[in-house]
Amino acid sequence: MSLLPRTAEEFSSAEYWERFFKKRGEKAFEWYGDYNKLCGVLHKYIKVKDKVLVVGCGNSELSEQMFDVGYKHLTNIDISETVVTHMKQRNAERRPGLTFQQVDATQTPYEEASYQAALDKGTLDAMASEEEGALARSMLTEVGRVLSVGGRYVCVTLAQESVIKLAVEHFVHMGWAVRLHCLQEELGKEEDSFALPVFVLVCTKFRQPMPMPILEMCLGEDGAPTRLLQVAELLSAVREHQAYSVLKKRLRTSTDASSNPSLTLCHANTGLPRYSLTVQDCPPGAKVPRSNPFAIFIVPQGSETAWLYSSSEGRRQLAASANFRRLVIVAMHRNQEYTDMQAVQSELSPMVMDLAPPGMPTNQQVPFLSVGGDLGWREEVSRGVSELSGEYCVENVKGEDGELYRRLVFLSNVALVQSESRLVPSNTASSHKKKNKKRLKATAATTTTTTTTSSTSLSVDSGFLCCAHHEVMVAGLAMLGVGTAQNKDVPVSVLLVGLGGGGLPQFLRDFVPSVTVEVVELDPVVMQVAKEFFGFRPDDRLTVTLGDGLERICALEKEGGLLFDAIMFDVDNKDSTVGMSCPPAAFVETLILQKVRSLLTPRGVFILNLVCRDSVLRKSVLERLRAVFPTILSRKIEGEVNEVLLCSRGENETLDAVHILPSLNQAAKSLQSALCSNRTGTNSSPHIDIAELLKELKVE
């Protein structure tokens, strides 16, 4: 199967390439290549007997080399008298039949349809920057005039976007067929940090203009053409090849443990992403055996979002554990089929050496590593579209702990698992111990694959919370004294904004004594998915209000009379440009926080899942919380950006760390006992350690 590279967004901006070409300046023209590099594609489109106009010949040796192999009808033109005189003198004795003339390529003296081919090596690139492209358009128009029907304009170019766009749009407008070859660049002796492939643009003149554009892209001189529908698609393909070349050059000439360049390999026919590759180098001082320069690590399907593979620190630890100078970490995409490890290895092998570290021998065998020796397992359960959240996928995966999990993923952000639940055989009480899924240890073993249970015989284990921040939010109920002797049989009311897969509210409903839970969820599709695939079972003690969480808070405060022992915010921010992905900024404005406080009982606690990468923004959120709540405790989630904030309502409960944290130890034991003794409507048991979760609390 053919794979096409697609690099990260680092190289996607027009500004990047504008700076790139300006930096290269005249040096860029050294990269066009000589006859040996170009002969394959030149012979393909220019016959030896053709009458050829060489536009802007300069002092290039290309015409001389073509003349020597049999092209005897070459007319070389250049606007520079100095160049023409020099080239005439250089070839007077050895090639008396090779013609050089001082001619302006925009106004030639030649008759219409008098040439079968026009050859341009870098002239278009040089002219396109003059007079906002007007000079280049005049040259292309003149080329079109002197070429006969069936004649070809063959242009060797570096394909800067503005240049190739000008030429392609010109010939598409004229109704010509356009084909672009991307020639693979060769490693030169110069250890340059940049390298670009050379492109050959071939435009063919028809007797009658084509009604629909013919746009084709070929890899190499003999690659099969891929038909494209729009000029924009062709330009995008050019950018991808250029970016990949720059990335390859960088990787082959240097190592950098602090940089994690990535690219996506796409199916050549469908264009769909198939593999995502991230390069991780070991730090300079690492003691790596000389026999371990390079390896490929295949991430098991379904484990892409695990901390070890999705975070920079996790990938560094994985590379250190594997102990190779460079490790390429490969993730497989959903909606793609993978037969087995051998098939994946065969598919990736042709491209592996492109990413090898400097100095690695080309005949060096590259090991493929994995966890357990297999590809993991993923099964799509359902797929649909939400008007509010976009396309989503429900899938079953096998975790590296051997357990099966069900996930909800919104395809607008495939790197984020929206909700996750553990699966167990139906009608079977779960007796598995809680396992740490966050930090997985990398091994390169080849153990036998375990058979996966049919998804039709699986159900969700409501006693197992996959998300660590959900566990801490449950543990925060210890601040209410749930389960203590003085609170025996005292009802607990919870308002939760954000349903997700329903795992958190269902856990509260099934295991917290005398609890009532109201969930506010904006997206009705999310509620339907939670009920159908994640074991969410609303009843008289677990209700859902469909609507906006902020509007519900304001409505409850305005109505008055209804108070809650705990109000929880677990709602994500759809705006990825903000440094806080949970909750949306409006949820932590002072006015809303004051309304939340007014809706709490005297013993009440506000529990917030905060995901904030911006330290200044986090500080601002904490300042607003402190202005409303007298006591705030925080608990960081290991290996994640999440932290849970527990904000106490009590006016006279401002305690220092010496008093408040020890007092929670006994409360944790009481809550643990209450959860384990209260199982209503479920065969599951709560897999949670309240005391352990509260150990890392700190007073803000």
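Placed above this text is the structure.
Residues numbered from 1 in each chain as written. Predicted model: local features only at pLDDT ≥ 70, side-chain atom pairs only at ≥ 80, totals over all residues. Heavy atoms only, no water.

Asker: What is the right way to read the nonpolar core from this model?
Answerer: As a rule of thumb, nonpolar side chains are buried together in soluble globular proteins. One finds Val474, Leu477, Leu508, Met568, Leu675 and Ile690 to be the most contacted residues of the largest nonpolar core, which totals 53 residues. Sort the elements by how many residues they give to this core and helix α18 (residues 657-677) lands first, with 6 residues. Aside from chain neighbours lying at most four places away, what touches Leu477 is Val482, Leu508, Val512, Ala566, Met568, Ile607 and Leu671. Ranked by size, the runner-up nonpolar core spans 41 residues in total, among them Tyr110, Leu147, Trp176 and Leu180. (Core = buried A, V, L, I, M, F, W, Y, C linked by side-chain atoms within 4.5 Å. Buried < 20%, exposed > 50% of the residue type's maximum accessible area, 1.4 Å probe, protein only. Helix = DSSP H or I, 4+ residues; strand = E, 2+ residues; numbered from the N terminus. Contact = heavy atoms within 4.5 Å.)

Asker: Quick question: what am I supposed to make of the pattern of salt bridges here?
Answerer: Two side chains that carry opposite charge are able to pair once their charged atoms sit near each other. Tallied over the full model, the rule gives 28 salt bridges. Look at the salt bridges and you will find they share partners, linking Arg618, Arg626, Lys636, Glu643 and Glu700 into a network. (Salt bridge = Lys/Arg side-chain N within 4 Å of Asp/Glu carboxyl O.)

Asker: Looking at this structure, I do not really get the packing of aromatic side chains. What am I missing?
Answerer: Both the distance between ring centres and the angle between the ring planes are used here to describe each pair of aromatic rings. The full count for this structure, using the stated rule, is 10 aromatic pairs. For the pair Tyr110 and Tyr115, a centre-to-centre distance of 5.5 Å together with 80° between the ring planes defines the contact as edge-to-face. Judged on exposure class, the residue Tyr110 and its partner Tyr115 are both buried. Summarising the aromatic geometry, the rings of Phe569 and Phe587 are spaced 5.3 Å apart at their centres and angled 90° between planes, so their arrangement reads as edge-to-face. A residue pair is termed long-range when its members are at least 10 positions apart, and Phe569 in strand β24 (residues 564-569) and Phe587 in the loop between β25 (580-582) and α16 (590-598) qualify at 18 residues. Since its relative accessible area comes to 7%, Phe587 is described here as buried. One aromatic cluster is present, formed by Phe569, Phe587, Phe606 and Phe629 through successive ring pairs. Lying across the ring of Tyr115, Lys51 places its NZ or CZ 5.0 Å from the centre. A cation over an aromatic ring shows up here: Lys72 above the ring of Phe67, its NZ or CZ 4.0 Å from the ring centre. (Phe/Tyr/Trp six-rings, centres within 6.5 Å; stacked < 30°, edge-to-face > 60°. Lys NZ or Arg CZ within 6 Å of the ring centre and 35° of its normal.)

Asker: How do you make sense of unusual backbone geometry when you look at a structure like this?
Answerer: In the segment running from Cys582 into Pro583, the intervening peptide bond is cis, with an omega of -5°. Of note, Ala113 is a non-glycine position whose phi angle comes to about 55°, a positive value. In this structure, Ala113 sits in the loop between β4 (99-102) and β5 (115-121). Here Ala113 falls in the partly exposed class, since its relative accessible area comes to 41%. Within the chain, Asp489 stands out as a residue other than glycine whose phi angle is a positive 65°.

Asker: How should the environment of Asp540 be read in this particular structure?
Answerer: Mapped onto the fold, Asp540 is located in the loop between α14 (524-533) and β23 (542-546). Look at Asp540 and you get exposed, because its relative accessible area is 68%. Measuring from C-alpha to C-alpha, the distance between Asp540 and Thr516 comes to 8.1 Å, with 24 residues separating the pair along the chain.

Asker: Looking at this model, I keep getting lost on the pairing of β23. Mind explaining?
Answerer: In summary, the side chains of a regular strand alternate between the two faces of the sheet. When strand β22 (residues 515-521) meets β23, the two strands line up parallel, connected through 5 bridges. Bridge pairing links Glu518 to Thr543 in β23. Where the polypeptide runs from β22 across α14 and back to β23, its parallel neighbour, the crossover connection is right-handed. (Pairing = 2+ DSSP bridges. Right-handed = clockwise from strand over helix to strand, strands pointing away.)

Asker: Even after reading the chapter, I still don't get the sheet that holds strand β17 (residues 390-398), so can you show me in this structure?
Answerer: The strands making up a sheet associate through backbone hydrogen bonding, with each pair oriented either parallel or antiparallel. With respect to topology, 5 strands assemble into an open sheet ordered β16-β17-β18-β19-β20, the strand pairing being antiparallel. Each end of this open sheet is capped by a strand with a single partner; those strands are β16 (378-386) and β20 (458-465). Along the sheet, successive strands turn relative to each other by an average axial angle of 30°, direction set aside. Pairing between β16 and β17: 8 bridges, direction antiparallel. Bridge pairing in β17 places Glu379 opposite Asn396. (Axes fitted to C-alpha atoms, helices over the stretch in contact; angles between N-to-C directions.)

Asker: For this particular structure, what's the right way to read the sheet that holds β5?
Answerer: With mixed pairing, the 9 strands of this open sheet are ordered in space as β4-β3-β2-β5-β6-β8-β7-β9-β10. Strands with a single pairing partner mark the edges of an open sheet, and in this sheet they are β4 and β10 (226-228). When strand polarity is set aside, the average angle formed by the axes of neighbouring strands in this sheet is 20°. Across the sheet, helix α2 (residues 35-45) is in contact with β5, β6 (147-157), β7 (177-183) and β8 (198-204); its angle to β7 comes to roughly 160°.

Asker: How should the packing of helix α6 (residues 134-146) against helix α7 (residues 161-173) be read in this particular structure?
Answerer: Relative placement of two packed helices is described by the angle separating their axes and the distance separating the axes. Across the interface, α6 lies against α7 with an axial gap of 11 Å and an inter-helix angle of 40°. In terms of orientation, α6 and α7 fall into the oblique class. Regarding α6 and α7, the two cross each other, and that crossing is right-handed. For the pair α6 and α7, the contacting residues are Ala136, Arg137, Leu140 and Thr141 in the first and Leu166, Ala167, His170 and Phe171 in the second. Class assignment of the residues belonging to the contact of α6 with α7 gives a composition of 5 nonpolar, 2 polar and 1 charged. (Parallel < 35°, antiparallel > 145°, perpendicular 65-115°, else oblique. Left-handed = near helix turned anticlockwise from the far one by under 90°. Nonpolar A, V, L, I, M, F, W, Y, C, P; charged D, E, K, R; others polar.)

Asker: Explain the pairing of strand β11 (residues 262-267) here, please?
Answerer: Taking burial as the measure, the 6 residues of β11 include 5 buried ones, the bulk of the element. Sheet topology note: the β11/strand β12 (residues 273-281) ladder contains 5 bridges and is antiparallel. The residue bridging Cys266 from the neighbouring strand is Pro273, located in β12. Between the end of β11 and the start of β12, which pair antiparallel, lie 5 residues, with Gly271 showing a positive phi angle near 80°.

Asker: Help me understand α14, please; the structure alone is not making it clear to me.
Answerer: Within α14, burial applies to Val526, Met527, Val529, Ala530 and Phe533. Down the axis of α14, the buried side of the element spans an arc of 165°, and every buried residue falls inside it. Looking at the packing, one finds that the buried side of α14 touches β16, β17, β18 (404-410), β20, β22 and β23. A distance of 2.9 Å separates the backbone nitrogen of Val525 from a side-chain oxygen at the start of α14, and that oxygen is part of Asp523. (Arc of directions from axis to C-beta. Polar contact = N/O pair within 3.5 Å; in protein donor to acceptor, adjacent residues only side chain to side chain.)

Asker: How should I be thinking about the environment of Ala134 in this particular structure?
Answerer: On the secondary structure map, Ala134 appears in helix α6. The partly exposed category is assigned to Ala134, whose relative accessible area is 33%. Expressed as a C-alpha distance, the spacing of Ala134 and Leu166, which sit 32 residues apart in the sequence, is 9.7 Å.

Asker: Help me out: how do you make sense of the environment of Ser673 in this one?
Answerer: Relative to the helices and strands, Ser673 is located in helix α18. Along the chain, Ser673 and Gly483 lie 190 residues apart, while their C-alpha atoms are 7.1 Å from each other.

Asker: Help me out: how do you make sense of helix α11 (residues 341-352) in this one?
Answerer: Every α-helix winds through 3.6 residues per turn, so residues three or four apart in the chain are directed the same way. In a regular helix each residue adds 1.5 Å, so 12 residues correspond to 16 Å; α11 covers 15 Å between its end C-alpha atoms and thus fits that length. Here α11 has its buried residues at Met341, Val344, Glu347, Leu348, Met351 and Val352. For α11, the buried positions fall inside an angular range of 145° around the axis, keeping them on one side. Facing away from the buried side of α11, by more than 90 degrees, are the exposed residues Gln342 and Pro350. (Expected span 1.5 Å × (residues − 1).)

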